[in-house]
Amino acid sequence: MSDSSTKGIIKYFKSKFAAIGSSGNNKPEAGCTPEYTMLKKSLISNMTYINGKFDGCSDFVSKELITCGRKAVIMEIDNMIDKLQLTQGVLAPLADAKPPVSLTDDDAVFNWLRDNTFTFVDQKEAFSYEETIGFLMAGFAVLLIEGIDKAIAFGLQGFKFRGIDEPNTDKSLRGSREGFVEPLRLNMMLVRRRVKNPNLKFEIYNLGSESRTDVCVAYIKGTVAESVLNEVRHRLRTIDLDTLLASGYIQAFFQDDPFSIFSTVGTTERPDAFCGKLSEGRVGIIVDNTPITLTMPFLFVENFQNMDDYAVGPYYATFTRILKYLSFFTSVLIPGLYVAIGSFHQALLPSQLLYALAQSEEATPFTLVFEALFMQVIYEMVREAGLRLPKQIGFAINIVGALIIGQAAVSAGLIGAPMVIVVAITATTSLITPTLYEPGVVMRFMFIVLAGMAGILGLTLGVAFCVYYLCSLKSYEVPYTAPISPFNGYAWRDVVIRLPWKILAKRKIAAQDLPGSNVDKTIG
Amino acid sequence: MQKTSKKTAKKIIALIACMLILPIVLTGCMPYEELKSESIVEGMGIDYGDNGYNITFQIYNPKSGGGGGGGDNGKNSTSSTVTILQCSGASLFDAVRNATLQNGRKLYFSNTRAYVVGEEVCKENFNKVLDFMERNQQIRPSDHIYIAKGKAADVMLYQKDGEIVPAVNLQLMSENNVQTSKVEEVQLFDIFKNTATGCTDSTISAIAIKEENNGEKTLEMDGSAVLHNNHFAGYLDDKETRGCLWIKSKAQGGVLILNLPEGGTASMEIIKSSSKVSFSGDEKTPAVTVDISFHTNLVELQSQENYTIDGSFLSNLKKIQEDTVKAEAQAAIDKALKDYDSDVFGFGVKIFQNRPDIWHKIGSEWNQNAKNTKVEIKVDSIISHIGLTNQTA
Amino acid sequence: MEKKSYISTAQIVLVLFITRLLFSSTYMSVLKTGNYIQDTLFSIPIIFIVNFITAIPLLMLLKRHPGHNPVECTMKIAGKGVGSIVAVFYYLFFLLNAAVVTGNYENYFSATMIPDVNSFLVGFIVLIVCLYGVLKGIETIARFGSIVAIIYMITLIIIFISLEPMMDLDTLKPVFYTGTSYLMSSSIMNYNLSIQILAFAFLAPYMRQGGSLGKAYAGWNLLTSIILFMLMFYIVTVTGSFGAEQMYPLQTLATLTKISSFERLDAIHMVSWILNTIITITLYIYLAISCLLKTGLNKHRRVLALVSGVAVFFVATFLSRNFNFLQVVIDSGEFSIAITFFIIIIPLIVLMADVIKGRVMQDAKNE
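Rules and cut-offs
- Sequence positions are assigned chain by chain, starting from 1 and proceeding in written order.
- Throughout, the order in which chains and ligands are written sets their labels, letters from A for the former and numbers from 1 for the latter.
- Local features are withheld for residues below a pLDDT of 70 in this predicted model, meaning they are given only at 70 or higher, and side-chain atom pairs are given and counted only at 80 or more; totals for whole chains, interfaces and linings count all residues.
- Per the convention used, a helix needs a DSSP run of H or I reaching at least four residues, while a strand needs a run of E reaching at least two, with both numbered from the N terminus.
- Three exposure classes are used. Buried residues have 20 or more other C-beta atoms within 10 Å of their own C-beta, exposed residues have 12 or fewer, and partly exposed residues fall in between, all C-beta atoms being placed from the backbone.
- Two residues qualify as a contact pair if the distance between their C-beta atoms, derived from the backbone, is within 7 Å.
- All radius of gyration figures rest on C-alpha atoms, and the globule criterion is 2.2 Å times the number of residues raised to 0.38.
- Paired strands are those between which DSSP finds at least two bridges.
- Every axis in this analysis is a line fitted to C-alpha atoms, fitted for helices over the stretch in contact. Angles between the N-to-C directions lie between 0 and 180 degrees.
- Residue ranges assigned to the domains are those given by an automatic or database domain assignment.
- In these notes, a nonpolar core means any group of buried Ala, Val, Leu, Ile, Met, Phe, Trp, Tyr and Cys residues linked to one another through C-beta atoms within 7 Å.
- The pLDDT score gives, residue by residue, the confidence of the prediction method on a 0 to 100 scale.
- Here roughly perpendicular refers to angles of 65 to 115 degrees, roughly parallel to angles under 35, roughly antiparallel to angles over 145, and oblique to all remaining angles.
- If you view the pair so one helix is near and one far, a crossing is left-handed when the near helix is turned anticlockwise from the far one by less than a right angle, and right-handed when it is turned clockwise.

A. Examining the overall build of chain A more closely. When helices and strands are tallied, chain A shows 17 helices and twelve strands. Here chain A holds 524 residues, and the buried ones make up 40% of them. In chain A, the share of contacts with a sequence separation of at least 24, taken over all contacts with a separation of at least 6, comes to 69%.

This is the structure in structure tokens:
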């Protein structure tokens, strides 16, 4: 074969390799160098190279066998493939393979073998060492035959994985109990089961020069805004990481401001929530070996929406929405308000509260600011300790935590009883909107400090600062506070209230159609 | 080169900013008003002393009472919820600040329940006291003010069962005035408004300490005091105070005792009342007509006779109660307007609002000539209910 | 240079609405109306009409040159030099207004809340937040403004509803007892406070295409007049002549508010006032800077913001120490002349120059 046609075939198969699982989109893969060393015809030189690469990898298994009168080697990474299917689908037919006598040419025998023998759908060819190694890493079994400079790879993935289980972070009473798992293909399967539409496209990229992790970009063609999609692709290609172990690593790359307190990229562990966001014109990213997926653009009001809201009736859903908004503001503002009012503006309190406050103040040595900061830090410590402990010791920590924060501190005269109540309220309400927990902690501490410095004036200035900051955030050219701040009355059907499904179903509002968004709709 | 110098410049600025923020955070930039360093004032009694004012404060005692936060195990302390502080000074503000010489804590006024002014202080220019309250931003306009028949210190120091009675009781007594309508609830805001009009005088509820037969002293609200031109003019007793309330449309409860001609008394509960003041006459002889209308219920009928409550009985009763109310209102007018020369009813304001042409002529001398106003009182009433039975028991 | 950003008509109306309401009743005590406070209510319909009249030159100028602010129009018509001088004038005018608001705020805070605080410290920390907002851009300011407008309206509604039992309609009765003197003085006071037409003109370039300038301005005028009227109505009927001698009547109203056992809601009122102050100062400083940008200083936005902030701080400290001076100035006729100069006369001159220039060029074309 001539060089040009080889190169053409190489290019064709390169694109196929890059587009595994997708429906044909020709984007170059990210992170991998486009240099290939081609396979040789000699089995011994191929095996020498490959054995050299895998020298020291004790999970690399290869078996020599003879098929069609030629030597062959079947390779796999131990525990990545399903051994039963390998035996039944590959080794047994290989052993019985008898090419017709008329075929003597190596390539013809190879083509016959490839097309007639095996009983798989997922069967690919590799032309270079890099592709072969890539297939091996992805759980394929690779067959090399003497005299052929191509390899056949069989998709026999059978590695063990954590079963599809209820997601830990986002439970739902009335929705499905499935959450994402680690393997990328299974997550894609979970999404595909819910949107049975060929317009749902998956594009796979490879990130991380060391770890070579697969990353999948999912979107629904026709609903998504092409400019947002292009921006996501551009950012993916420019990520320069060594190892990519969790989706959180690349989350910062998709945000405009790396120091931002509020995240403009959403995360979800539920396939149904993921599909819901996709159908609103968002782009989703699934990272291999992480059950947490990313969606962009992400708005502030999405922190308060979850799947249960849509399964219950409109009145109760509205009530829980309002509750969530109230609890977020409570958890962020209440310690600051308490410090501000108790230190500077006691006039606001009704007399009974004032007396209770005076009594507790009388007995404690510290100022309110110090008490508040101290209690919040102790609470965060107990919470961190609780996250890392095995279950047996967790019980003991609960008791100790309750004692430290609770009655003993009050009886010993260290802190006042109202402060304990404030901390308890803060802790409870901060868990209602878990995605806002991290920014909430930062804001809470800032407000306590500001309130201790300057009372309600300081608190209001802090609030103004945070609102300025929120209003200036943009997530992929969509304003972060839409549809609250550039106001759109119709979009409010799903913000603080949740109107019945008949109204929600009438007209879809995609993320890029929200007021104030500068998404370029002329592309695509 | 330029980039590194810009970066180091930014670093230096950030460092300086951090260094500046820390001291501000730790020391605060606004004066702390922690409750630890303040005493909550519950009641304030103002008297005259040797050199200026003698003030008696009732201060909330946080060590008393049960409840958490304290080092005690919730034992029932016998100490009262308030402690007494007495201090003096050349002006009110001076006396307030001198209190720290005894107490060590700044006084906090936002929760004050009652301001009691002694009789002597009222006899001088009452405005002197009022100015302090109007200017201070901690004192709310909705706080209550009282006059003490005697010294205000006695009212503040009044003890019952060995414990000092906190001033909150005074506030409760005055807020529940609707039960008897013999007391008027006077807030600082009312006095401010009246003073601002320039032609209306104010009434202030009066507190007296009465001595019973067995030597016990009781604290009770006893009518009201009338001011004229910011001087104390005199007292009204409880019936006259109710007359004032009738005319001001504030008598929304209480009991009318009617003497029946054939013997016995009927007690009527006042449900609601309203009054309208209109101007009749001209500038030479100003005359005012007061229309009072009210609703009552019959609640108690005490007599030896057996009455059947029917239409004629009720119309008789109606006439008697109207006469009673008219007498009360007339008594109030006679005392306040004629004897004390003070327009506590707001007649001047009503003339100004409804007949500004007349006010042009008589307005400038209204303060002196108010007593010459002819007042005509018309009363109208309705008896709504008579209870569950229509016979005397 | 920032990308051209657009804000909607509703946001412009809301932002200007709350800037007008801030400190609108503070200067009433200088009028010394006493028992005759009800005359001031009638000045509001008068100002409603006068606002339309004063808007005519600016709106016509903007209609002829859509998408430009008055300084840009002046530069196009009269050249860069004259335009720069006009820009400097407007810059100083906006900064003066920002300083007046800040001085008002410092005085308000130390008079009503905490007297022993250093007033310039209060102004300092407010200005820091305002400068942060200025640097973020007009879209952020507009979004923040609409949120603050909602909060402010809710506060006003709470105050109105809870004070309704204390309303005494008889205080409205004798109108024009002393003739029209109080009507004139309160009209002058309200006229001196209504400079929002200028802010509107400078915000016009940011309005989305297709928005009608005249309709937006009429909407603002109507909304503001109605709410201002209700505010003054409550001050007159609830506090009467007592309110006429108060420095901050709205604060007094808030102090009287009572919702079951929570008395003295003036702290809630203070929160919305602080937010309102922040948006007002931010808007004025931003507009001041946008005046000067076209004169060639558009690379130095941050430096300009810092310089303006410092200038506002010093002037505001001076004003808050001499608060009586400030009150007398705002109520005086000389101040009205100054405002007329900026709002009517300069745009009128520019407009006439534009018309003449257009005619001359038309004649040159025809020849």
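So much for the structure itself; the text now carries on.
B. Fine view of the overall build of chain C. The secondary structure content of chain C amounts to 15 helices and two strands. Over its C-alpha atoms chain C spans a radius of gyration of 21 Å, differing by no more than 12% from the 21 Å that the globule rule assigns to 367 residues. With the C-alpha coordinates aligned to their principal axes, the bounding extent of chain C is approximately 75 × 45 × 35 Å. By residue count, 52% of the 367 residues in chain C fall in the buried class.

C. Summary view of unusual backbone geometry. The peptide bond linking Met296 of chain A to Pro297 of chain A adopts the cis configuration, its omega dihedral lying at -10°. Position of Pro297 of chain A relative to the elements: it lies in the loop between β10 (293-296) and α10 (314-343). Residues other than glycine seldom take positive phi values, yet Glu477 of chain A does so here, at roughly 70°. For Glu477 of chain A, the location among the structural elements is in the loop between β11 (474-475) and β12 (478-479). Looking at Glu477 of chain A, the number of C-beta atoms within 10 Å reads 17, which means it is partly exposed. One non-glycine residue, Phe23 of chain C, lies in positive phi territory at about 50°.

D. Examining the environment of Thr257 of chain C more closely. All names here are of chain C. Within the secondary structure layout, Thr257 lies in the loop between α11 (249-256) and β1 (258-259). Note: C-alpha distance between Thr257 and Tyr191 (66 residues apart in sequence) is 30 Å. Ignoring any residue separated from it by four or fewer positions in sequence, one finds Thr257 in contact with Ile158, Ile159, Ser162, Leu163 and Leu265.

E. Representation of helix α7 (residues 188-197) of chain B. Where α7 of chain B is concerned, the buried positions are Ile191, Phe192, Lys193, Asn194 and Ala196 of chain B. Looking at the buried residues of α7 of chain B, the elements they touch are α4 (127-135) and β6 (144-148) of chain B together with α10 (213-244) of chain C. Once α7 of chain B finishes, Gly198 of chain B follows within two positions and takes phi at roughly 85°, a positive value.

F. Representation of the sheet that holds strand β9 (residues 283-287) of chain A in the model. All names here are of chain A. If you trace the five strands from one edge of the open sheet to the other, you get β6-β7-β9-β10-β8, paired in antiparallel fashion. The two strands at the open ends of the sheet, each matched to only one other strand, are β6 (200-207) and β8 (266-268). Neighbouring strand axes in the sheet, compared pairwise and without regard to direction, differ in orientation by 25° on average. As paired elements, β8 and β10 share three bridges and run antiparallel to each other. Looking at the pairing, Thr268 lines up with Thr293 of β10.

G. Region of interest: the domain arrangement of chain A. According to the domain assignment, chain A consists of domain 1 (36-155), domain 2 (184-309) and domain 3 (312-472). Between domain 1 of chain A and domain 3 of chain A, the C-alpha centre-to-centre distance is 63 Å.

H. Expanded view of the nonpolar core. Ranked by internal contacts, the top residues of the largest apolar core, which has 308 residues, are Val116, Val117 and Tyr146 of chain B together with Ile18, Phe94 and Ile285 of chain C. Examining the composition of this core, we find that 19 residues originate from one element, helix α16 (residues 437-472) of chain A, more than from any other. Discounting chain neighbours no more than four positions away, the residues touching Ile285 of chain C are Ala98, Cys130, Val134, Ala305, Ser308, Gly309 and Val312 of chain C. Ile81, Val109, Ala126 and Leu136 of chain A belong to the second largest nonpolar core, which has 27 residues in total.

I. Representation of the sheet that holds strand β5 (residues 151-155) of chain A within the structure. Residue and element names in this part refer to chain A. Overall, antiparallel pairing links the five strands, which are arranged β1-β2-β4-β5-β3 in an open sheet. Every interior strand has two partners, whereas the edge strands, β1 (60-67) and β3 (123-126), have only one. Sheet twist, expressed as the mean angle between neighbouring strand axes with direction ignored, is 25°. Set on the sheet, helix α5 (residues 129-137) makes contact with β2 (70-77), β3, β4 (140-145) and β5; between it and β4 the angle comes to about 145°.

J. Local environment of the confidence of the model for chain A. Residues and elements named next belong to chain A. Per-residue confidence for chain A gives a mean pLDDT of 83, with 93% of residues at or over 70. Mean pLDDT values for the elements of chain A range from 58 in helix α1 (residues 3-18) up to 93 in β9. Of the regions scoring below 50 in pLDDT, residues 18-32 engages in 32 contacts with residues more than four places distant in sequence or in other chains.

K. Structural view of the packing of helix α6 (residues 184-194) of chain A against helix α9 (residues 271-278) of chain A. Residue and element names in this part refer to chain A. Between α6 and α9, whose axes approach to 9 Å, the crossing angle comes to 60°. Relative to α9, the element α6 lies oblique. Handedness of the α6/α9 crossing: right-handed. Contacts between α6 and α9 involve Leu190, Val191 and Arg194 from the first element and Pro271, Asp272, Phe274 and Cys275 from the second.

L. Inspection of the environment of Leu283 of chain C at higher detail. All names here are of chain C. Note that Leu283 resides in helix α12 (residues 266-297). For Leu283, a count of 30 C-beta atoms within 10 Å corresponds to the buried category. Separated by 141 residues in sequence, Leu283 and Ala142 place their C-alpha atoms 8.9 Å apart.

M. Representation of the pairing of β10 of chain A in the model. Residues and elements named next belong to chain A. Alternating residues of β10 divide into Thr293 and Thr295 and Leu294 and Met296, and every residue in both groups is buried. Relative to β10, β9 runs antiparallel, the two being bridged by three bridges. When the bridges of β10 are listed, Ile285 appears paired with Leu294. Taking the residues that link successive antiparallel strands as the turn, the β9-β10 hairpin has five residues, and the phi of Asn289 there is positive, at about 70°.

N. Molecular detail of the pairing of strand β9 (residues 203-211) of chain B. Residues and elements named next belong to chain B. Two elements, β6 and β9, share three bridges in a ladder whose sense is parallel. Looking at the pairing, Ala148 lines up with Ile207 of β9. Pairing between β9 and strand β10 (residues 217-228): eight bridges, direction antiparallel. Residue pairing in the sheet places Ile204 in a bridge with Ala225 of β10. Count of turn residues in the β9/β10 antiparallel hairpin: five residues, of which Gly215 carries a positive phi of about 85°.

O. Geometry of the packing of helix α1 (residues 9-21) of chain C against α10 of chain C. Residues and elements named next belong to chain C. Two numbers describe how α1 lies on α10: the axes approach to 9 Å, and their chain directions differ by 35°. Once α1 is placed against α10, the crossing between them reads as right-handed. Residue-level inspection shows Thr9, Ile12, Val13, Leu16, Phe17, Arg20 and Leu21 of α1 in contact with α10, the latter providing Ala216, Gly219, Trp220, Leu223, Thr224, Ile227 and Leu228.

P. Region of interest: the environment of Glu64 of chain A. All names here are of chain A. Secondary-structure assignment places Glu64 in strand β1. For the pair Glu64 and Leu143, spaced 79 residues apart in sequence, the C-alpha separation works out to 9.8 Å. Non-local contacts of Glu64, meaning those with residues more than four positions away in its chain, are made with Lys71 and Val73.

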